[in-house]
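Read off the chains here:
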Amino acid sequence: MRRKIVAGNWKMNKDFDEAETLIDDVVKGLEEEEVDCDVVICPPFPYLELATDGAADSELFEVGAQNVSSFDSGAYTGEVSAAMLASLDVNFCIIGHSERRKYFNEDNATLAVKVEKVLANEIVPIYCVGETLEEREANRHFDVIRRQVEEGLFGLDAADFENVVIAYEPVWAIGTGKTATPEQAEEIHAFIRSLVKEKYGDDIANEIHILYGGSCNAKNASALFAQPDIDGGLIGGASLKAEDFVSICRQAK
Ligand code: PEP
């Protein structure tokens, strides 16, 4: 039985004081509620240490970054390496979010390198895949997702691959309030798991976590998480309000 994971992607939101308050409020909420999933908070880079300190004190959540450099170190102004993240006790990293693919032109080949870099530093990649509305309407969504999974992840050997988390995030559902129905999401999750099974076999396919992301909120989380191949959520907007985020965590059983 896979223990669910709920990860909050704050994106580029909150100032330092607001970040401190949100972490405190999430911790209070997690202390009060019965939560039976792994909780991950992914704040912007400048608040990572604040978050890892909070995680060490409370032991109620873990910390993820939202991006990582594809380079190891050196003259790459503005970049943050996987080793730097590891030195802050960051243990997850979102890779290939559709906003990175769209606004920063990150392609599957670059993302495959980023996945390797974080794994080499014992950080779990949360590798995002998902189709645009145009691709879904043209019935190309399965092909797009297959390519994203194969090109981004299938260069890994089995020992590395089993440490990967995949997030299915249909682009048309991100920040739009338009959620995939539980059935639509399940169809893609089952498809991704079948790809993993073909490549790495039953055991790894049964162990791998596939999260859903895209306007998941306190009202629709239970129905999504009840699907057999949905192992939790990657939560954007709703992770910015402690009450909503904690409620989603409580629904992940
Ligand atoms: C995300 O950006 O990862 C996301 C799922 O956003 P939202 O929940 O706001 O749709």
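Everything discussed here concerns the structure shown above.
Predicted model only: the values in this text are computed from it and were never measured.

**Focus: the site of the ligand**
Alright, step 1. Taken together, 14 residues surround the ligand, and among them K11, H97, E169, G175 and S215 come closest.
Alright, step 2. The separation between an oxygen atom of the ligand and a polar main-chain atom of S215 is 2.7 Å.
Alright, step 3. Between an oxygen atom of the ligand and a main-chain N or O atom of G236, the distance comes to 2.9 Å.
Alright, step 4. Considered class by class, the residues forming the shell around the ligand number 4 nonpolar, 8 polar and 2 charged.

**Comments concerning the sheet that holds strand β7 (residues 209-213)**
Alright, step 1. The 8 strands lie next to each other as β1-β2-β3-β4-β5-β6-β7-β8, forming a closed barrel whose pairing is parallel. With strand direction ignored, the average angle separating the axes of adjacent strands in the sheet is 25°.
Alright, step 2. Examined bridge by bridge, strand β1 (residues 5-9) and strand β8 (residues 232-235) share 4 bridges and lie parallel to one another. Paired with A7 across the strands is L234, a residue of β8.
Alright, step 3. Of the strands in this sheet, β5 (124-129) and β6 (165-168) touch helix α7 (residues 141-153), which is tilted by about 150° from β5.

**Some thoughts on the pairing of β7**
Alright, step 1. Burial runs high along β7: 5 of the 5 residues are buried.
Alright, step 2. Alternating positions in β7 separate into two faces, H209, L211 and G213 on one and I210 and Y212 on the other, with burial throughout.
Alright, step 3. Relative to β7, β6 runs parallel, the two being bridged by 4 bridges. Residue I166 lies in a different strand from β7, and its bridge partner there is I210.
Alright, step 4. Pairing analysis gives 2 bridges linking β7 to β8, with the strands arranged parallel. Bridge pairing links Y212 to G233 in β8.

**Quick look at the packing of aromatic side chains**
Alright, step 1. Counted by the stated rule, this structure contains 7 aromatic pairs.
Alright, step 2. A ring pair is formed by F161 and Y200, whose centres lie 4.2 Å apart and whose planes are at 15°; its orientation type is stacked. A residue pair is termed long-range when its members are at least 10 positions apart, and F161 in helix α8 (residues 158-161) and Y200 in helix α9 (residues 182-200) qualify at 39 residues.
Alright, step 3. The class for Y200 is buried, based on a relative accessible area of 15%.
Alright, step 4. Site record: aromatic cluster; members linked through ring pairs are F154, F161 and Y200.
Alright, step 5. Its guanidinium or amino end placed over the ring of F104, R100 lies 3.9 Å from that ring's centre, counting from NZ or CZ.
Alright, step 6. In this arrangement the basic side chain of K199 is found over the ring face of Y200, its NZ or CZ atom lying 5.9 Å from the centre.

**Considerations on the packing of helix α5 (residues 108-120) against α7**
The geometry of a pair of packed helices is captured by two quantities: the angle between their axes and the separation between those axes.
Alright, step 1. At a minimum axis distance of 7 Å, the contact between α5 and α7 shows a crossing angle of 45°. The orientation of α5 with respect to α7, classified from their angle, is oblique. For the crossing formed where α5 meets α7, the hand is right-handed. In this structure, α5 uses N108, A112 and V115 to contact α7, whose residues at the interface are R147, Q148, E151, G152 and L153.

**Topic: the environment of W10**
Alright, step 1. Its location among the elements puts W10 in the loop between β1 and α1 (16-32).
Alright, step 2. C-alpha separation for the pair W10 and C42, spaced 32 residues apart in sequence, amounts to 6.1 Å.
Alright, step 3. What W10 contacts, discounting residues up to four positions off in sequence, is A19, L22, I23, I41, C42, P43, P44, Q66, S239 and L240.

**Structural notes on the environment of C37**
Alright, step 1. Tracing the backbone through its elements, the reader meets C37 in the loop between α1 and β2 (38-42).
Alright, step 2. Looking at C37, the relative accessible area reads 5%, which means it is buried.
Alright, step 3. Counting along the chain gives 195 residues from C37 to G232, while the straight-line C-alpha distance between them is 8.3 Å.
Alright, step 4. Setting aside residues no more than four positions away along its own chain, C37 makes contact with R3, K4, V6, C249 and A252.

**Here we look at unusual backbone geometry**
Alright, step 1. The residue K11 is not glycine, and still its phi comes out positive at about 50°.
Alright, step 2. In this structure, K11 sits in the loop between β1 and α1.
Alright, step 3. Residue N105 is not a glycine yet carries a positive backbone phi of 55°.
Alright, step 4. With respect to the helices and strands, the residue N105 is situated in the loop between α4 (98-103) and α5.
Alright, step 5. A relative accessible area of 65% means that N105 is categorised as exposed.

Criteria and cut-off values
Residues numbered from 1 in each chain as written. Predicted model: local features only at pLDDT ≥ 70, side-chain atom pairs only at ≥ 80, totals over all residues. Heavy atoms only, no water. Near = heavy atom within 4 Å. Polar contact = N/O pair within 3.5 Å; in protein donor to acceptor, adjacent residues only side chain to side chain. Nonpolar A, V, L, I, M, F, W, Y, C, P; charged D, E, K, R; others polar. Pairing = 2+ DSSP bridges. Helix = DSSP H or I, 4+ residues; strand = E, 2+ residues; numbered from the N terminus. Axes fitted to C-alpha atoms, helices over the stretch in contact; angles between N-to-C directions. Contact = heavy atoms within 4.5 Å. Buried < 20%, exposed > 50% of the residue type's maximum accessible area, 1.4 Å probe, protein only. Phe/Tyr/Trp six-rings, centres within 6.5 Å; stacked < 30°, edge-to-face > 60°. Lys NZ or Arg CZ within 6 Å of the ring centre and 35° of its normal. Parallel < 35°, antiparallel > 145°, perpendicular 65-115°, else oblique. Left-handed = near helix turned anticlockwise from the far one by under 90°.

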